[in-house]
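Observations on the three-dimensional arrangement
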Amino acid sequence: MSRIQEELKITLQLLKKEWKEDLEQYRLKTLSASIADKQKDGICWYPVQVVKTKVGLGDRLIVEIERGDSRLSHGFQSGKTVSLFSNFSDGAPLRTNGVVNLVKKNTMVITLMGHEWPDWLQDGKLGVDLHFDEASYREMEYAMQQVIKAGAGRLGQLRDVLLGQEAASFTAGLPLVFATSHLNHSQVEAVQKVLAAQDVALVHGPPGTGKTTTMVQAINETLQRHPQVMVCAPSNAAVDLLVEKLLAKRISTLRIGHPARVDDQILEQTLDAKIAQHSSFKDLKKLRKSAEEYRKLGRKYKRNFGAAERQQRKQLFAEASKVKEAARHLEDYILYDVFQQNQVIATTLVGANHTALKGMEFPVVFIDEAAQGLEPATWIPVMKAKKVVMAGDHCQLPPTIKSYEASKEGLSETLFEKVIDRQPEASWMLKVQYRMPELIMRFSSEYFYQGQLEAAALTDAHCLSRAEPVMEFIDTAGSGFGEHLEKDSLSKLNAEEARFGLGLLEKLVERIGVGCFQEQQFTIGVISPYKAQVKKLTELMEEGAVFEGLRELSDVVTIGTIDGFQGQERDVVLISLVRSNEQGEIGFLADTRRMNVALTRAKRKLIVIGDSGTLSSHPFYQQFLDFVAENGLYKSIYEYMEF
Ligand SMILES: Nc1ncnc2c1ncn2[C@@H]1O[C@H](COP(=O)(O)OP(=O)(O)OP(=O)(O)O)[C@@H](O)[C@H]1O
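Residues numbered from 1 in each chain as written. Predicted model: local features only at pLDDT ≥ 70, side-chain atom pairs only at ≥ 80, totals over all residues.

Overview of the overall build of the protein chain
- Secondary structure summary: the protein chain contains 22 helices and 23 strands in total.
- Relative to the globule expectation of 26 Å for 643 residues, the C-alpha radius of gyration of the protein chain, 27 Å, shows essentially globular dimensions.
- Each principal axis of the C-alpha atoms in the protein chain carries an extent, and together these give about 95 × 65 × 50 Å.
- Expressed as a percentage of its 643 residues, the buried residues of the protein chain come to 42%.
- Within the protein chain, counting contacts between residues at least 6 apart in sequence, those at least 24 apart form 74% of the total. (Helix = DSSP H or I, 4+ residues; strand = E, 2+ residues; numbered from the N terminus. Rg over C-alpha atoms; globule rule 2.2 N^0.38 Å. Buried ≥ 20, exposed ≤ 12 C-beta atoms within 10 Å, placed from the backbone. Contact = placed C-beta atoms within 7 Å.)

Structural notes on the domain arrangement of the protein chain
- Domain annotation for the protein chain reports domain 1 (35-132), domain 2 (136-252 + 344-430), domain 3 (276-300 + 308-340) and domain 4 (449-639).
- A C-alpha centroid distance of 34 Å is found between domain 1 and domain 4.
- Opposite the eight residues of domain 1 that make contact, domain 4 presents four residues.
- Of the residues in the side of domain 1 that touches domain 4, the class split is one nonpolar, four polar and three charged. (Domains from an automatic or database assignment. Nonpolar A, V, L, I, M, F, W, Y, C, P; charged D, E, K, R; others polar.)

Overview of the sheet that holds strand β21 (residues 570-576)
- The strand order across the open sheet formed by six strands is β20-β19-β21-β22-β16-β23, and the pairing between neighbours is parallel. At either margin of the open sheet sits one strand with a lone partner, and together these are β20 (557-561) and β23 (634-636). Across the sheet, the mean angle from the axis of one strand to that of its neighbour is 20°, orientation sign disregarded. (Pairing = 2+ DSSP bridges. Axes fitted to C-alpha atoms, helices over the stretch in contact; angles between N-to-C directions.)

Some thoughts on the sheet that holds strand β3 (residues 81-86)
- What the six strands build is a closed barrel, ordered β1-β2-β5-β4-β3-β6; its pairing is antiparallel. Between one strand axis and the next, the sheet turns through 45° on average, direction left out of account.
- Pairing of β3 with strand β4 (residues 94-103), which is carried by six bridges, proceeds in the antiparallel orientation. Counterpart to Phe85 in the pairing with β4 is Arg95.

Here we look at the site of the ligand
- In the neighbourhood of the ligand, 18 residues make up the surrounding shell, with Gly210, Lys211, Thr212, Thr213 and Tyr434 lying closest.
- Element by element, the count of residues in the shell around the ligand is highest for helix α6 (residues 211-222), at three residues.
- Per-class residue counts for the shell around the ligand are three nonpolar, eleven polar and four charged.
- The two domains that each donate at least three residues to the shell around the ligand are domain 2 (136-252 + 344-430) and domain 4 (449-639). (Near = placed C-beta within 6 Å.)

A short note on the environment of Ser252
- Positionally, Ser252 belongs in the loop between α7 (236-248) and β9 (253-255).
- Residues Ser252 and Val344 lie 92 residues apart in sequence; the distance between their C-alpha atoms is 6.3 Å.
- Those residues in contact with Ser252, other than ones at most four positions away along the chain, are Gln341, Asn342 and Gln343.

Here we look at helix α13 (residues 415-422)
- Regarding α13, the residues found buried are Leu415, Phe416, Val419 and Ile420. Here the buried residues of α13 occupy an arc of 140° about the axis, which is enough to place them on one side.
- On its buried face, α13 sits against α4 (154-162), β7 (200-204), α11 (375-382), β12 (388-392) and β13 (427-429). (Arc of directions from axis to C-beta.)

Some details on the confidence of the model for the protein chain
- Averaged over all residues, the pLDDT of the protein chain equals 90, while 97% of them reach at least 70.
- Taken over the whole predicted complex, pTM reads 0.81, whereas the ipTM for its chain interfaces reads 0.95. (pLDDT = per-residue confidence, 0-100.)

Quick look at the pairing of β21
- With six of seven residues buried, β21 is to be regarded as a mostly interior element.
- Pairing of strand β19 (residues 524-528) with β21 involves four bridges; the strand directions are parallel. Directly across from Ile527, in β21, lies its bridge partner Ile575.
- In this structure, β21 lies alongside strand β22 (residues 602-610), joined through six bridges in parallel fashion. Among the inter-strand pairings, Val572 is bridged to a residue of β22, identified as Lys605.
- In this fold, the crossover linking β21 to β22 by way of helix α20 (residues 592-599) has right-handed handedness. (Right-handed = clockwise from strand over helix to strand, strands pointing away.)

So, helix α15 (residues 495-512)
- Its 18 residues place the ends of α15 26 Å apart at the C-alpha level, agreeing with the 26 Å of an ideal helix rising 1.5 Å per residue.
- At its buried positions, α15 is contacted by α16 (514-520), β19, α17 (531-543), α18 (548-552), β21 and β22.
- Downstream of α15 by one or two residues, Gly513 has phi in the positive range, about 100°. (Expected span 1.5 Å × (residues − 1).)

A closer look at unusual backbone geometry
- Put simply, Tyr46 and Pro47 share a cis peptide bond, and its omega is -10°.
- Positive phi values are uncommon outside glycine, yet Arg250 reaches one of about 60°.
- Checked against the element boundaries, Arg250 lands in the loop between α7 and β9.

Quick notes on the nonpolar core
- Ranked by internal contacts, the top residues of the largest apolar core, which has 79 residues, are Val200, Val365 and Val388.
- Among the elements that make up this core, the one with the highest residue count is α7 (seven residues).
- Beyond its immediate stretch of four places on either side in the chain, Val365 contacts Met230, Cys232, Pro381, Val382, Lys384, Ala385 and Val388. (Core = buried A, V, L, I, M, F, W, Y, C linked by C-beta atoms within 7 Å.)

Observations concerning the environment of Pro619
- Checked against the element boundaries, Pro619 lands in helix α22 (residues 619-630).
- According to the C-beta neighbour criterion, Pro619 is exposed, with 9 such atoms within 10 Å.
- Through-space distance from the C-alpha of Pro619 to that of Trp45 is 42 Å; in sequence the pair is 574 residues apart.

Focus: the packing of helix α3 (residues 135-149) against α11
- At a minimum axis distance of 8 Å, the contact between α3 and α11 shows a crossing angle of 70°. Compared by their axis directions, α3 and α11 come out roughly perpendicular. Along this stretch, α3 crosses α11, giving a crossing that reads as left-handed. Contacts between α3 and α11 pair Glu139, Met140, Ala143, Met144 and Val147 from the former with Pro376, Ala377, Trp379 and Ile380 from the latter. (Parallel < 35°, antiparallel > 145°, perpendicular 65-115°, else oblique. Left-handed = near helix turned anticlockwise from the far one by under 90°.)

A short note on the packing of helix α1 (residues 3-30) against α3
- Where α1 contacts α3, the two axes come as close as 10 Å, and the packing angle between them is 170°. Here α1 is positioned roughly antiparallel relative to α3, judged by the angle of their axes. Residues Gln5, Leu8, Lys9, Thr11, Leu12, Leu15 and Trp19 of α1 pack against Tyr137, Met140, Glu141, Met144, Val147 and Ile148 of α3.
- A breakdown of the residues in the contact of α1 with α3 according to their chemical character gives nine nonpolar, two polar and two charged.

What follows is the structure, encoded as structure tokens:
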């Protein structure tokens with residue numbers, strides 16, 4: 001076994017450690033816990049009532065439930081796997097699994113996994129549990145095993161190149177690129193690098209340098225040479241963002257993934273939607289219905305019946321099987337046709353092994369935000385690739401790892417980082433950023449990129465109005481705004497800071513004018529490291545009688561975690577840092593890469609709210625505070641006390 005195979009075996013062991021830890025944490029919360037305990041832990045809603053049921057895209061069954069007590073906080077989020085259960089009958093609860101589409105304060109919309117409504121749905125005593133999702137771990141484990149044992153085939157060759165055992169090869173001479181007038185010179189060179197690579201190319205793009213823009217162009221160019229490619233990213237949000245950009249370029253894209261995990265804007269691109277829109281779908285539905293009718297007729301015969309009835313029943317069942325078989329063939333044809341009609345197949349890393357993709361190979365697999373993907377997850381799409389192109393930035397958010405040990409022993413190192421280190425000639429760094437004015441960029445550039453980032457000239461004009469400062473830090477020290485621990489989720493929140501932040505935005509909207517925001521299509525992002533704070537901000541926006549101006553703009557206001565904002569940008573960004581305590585504890589704010597993401601999302605105005613007394617205990621934040629003071633960006637909360 002080669003050195004790199006040994007290395008991969010260690011990575012597989014670390015993955016198993018992470019799996020175990022994740023499962024253990026889940027078990028700790030659920031094992032032998034009563035429903036009341038699980039409710040307190042935020043992993044169960046009980047009792048719930050069915051408010052609405054409907055059949056959605058791809059004939060998926062969708063149920064909306066409502067809970068009575070909306071005071072308890074919880075960890076349900078769209079995209080999570082859940083189990084809907086009924087305690088109506090004696091014995092173990094009856095269960096069916098589903099995926100959460102949407103959660104509001106006391107309602108939740110769930111798409112069920114099965115294709116038949118559970119008979120017990122109307123029986124009452126219903127509840128919903130958060131489920132441990134082992135499928136992703138299984139996919140990662142399988143991929144690692146395949147990569148370890150790969151022989152002389154393409155996977156084995158790619159493994160050896162990606163992990164630095166073999167040299168990466170490139171075609172001689174610079175490939176011709178078309179229609180790149182909107183790219184700068186360095187971005188064009190990155191596209192050329194991608195096209196010239198035989199095995200792997202890597203685009204390292206600090207924030208706003210057009211890494212995604214360059215990837216989209218590289219995909220476009222590749223599609224002049226190949227009919228179809230695969231495009232992946234670690235998170236659903238990042239895949240959706242890419243799909244939006246591909247669609248804007250009129251590149252036909254098929255989004256593989258559960259519709260409940262896909263953004264509404266691109267639901268039309270999902271496999272479910274494309275199957276439903278296919279010209280033969282009506283015939284497929286008719287065939288399925290007729291098979292079901294034959295089966296129902298056959299089932300009507302009771303136990304005691306004679307030979308003639310037996311014969312008839314046999315015939316009905318045989319007919320049902322025949323029609324079902326025809327439906328299966330038609331389904332295969334529709335699937336084949338849908339795949340043929342799309343130039344790009346887009347999915348998350350883990351989704352790359354979706355059953356609909358079985359046996360498929362792609363001349364090029366593109367992976368965006370690759371620095372956020374666990375190594376075992378990144379190998380999943382690589383198994384389907386002849387060549388791999390990755391884009392990312394290891395100074396932004398790393399993959400989330402629950403096991404401290406696994407992380408320390410090496411699982412935190414991504415495949416992206418390994419390729420940057422081991423195949424430096426395959427990577428290309430972009431240095432000119434187009435998102436934000438130089439002032440917003442400066443701290444991130446100096447701290448994370450040795451001052452190498454440049455702001456494109458056009459960013460000088462990025463502001464809301466000439467009078468409006470592009471960056472502000474508002475110090476809440478001394479205000480008495482204190483952080484709280486949300487007991488159930490163990491997440492932190494700072495309600496006064498949330499209220500103050502929204503009030504500040506409300507004033508900003510008043511100053512600039514709702515009309516101006518609408519006319520210029522300015523967007524607003526309100527972000528925080530903590531989920532509990534995001535929930536608080538959302539509640540305040542939805543429920544309060546205040547913040548009218550903001551509510552008028554609610555279509556363009558997004559509230560989310562910093563992690564969920566990676567890769568995105570807004571005209572105005574407000575960061576609520578939450579932490580405010582005497583001990584100077586800053587928790588996971590200490591992962592400065594999260595702050596690098598947060599500080600680099602704004603195009604025209606960035607407002608950071610935090611408590612300097614708490615933050616200054618960490619050298620990174622001390623440097624940030626020095627930066628804001630030196631550049632005249634510091635304001636104390638006392639200047640706003642009329643709020
Ligand atoms: N050559 C260019 N000319 C003008 N604008 C550009 C150019 N390249 C990118 N942009 C713009 O810069 C902004 C950032 O681009 P993009 O989102 O592709 O950056 P990114 O590197 O992926 O950012 P992040 O690291 O934050 O995900 C976008 O608004 C994009 O349209």
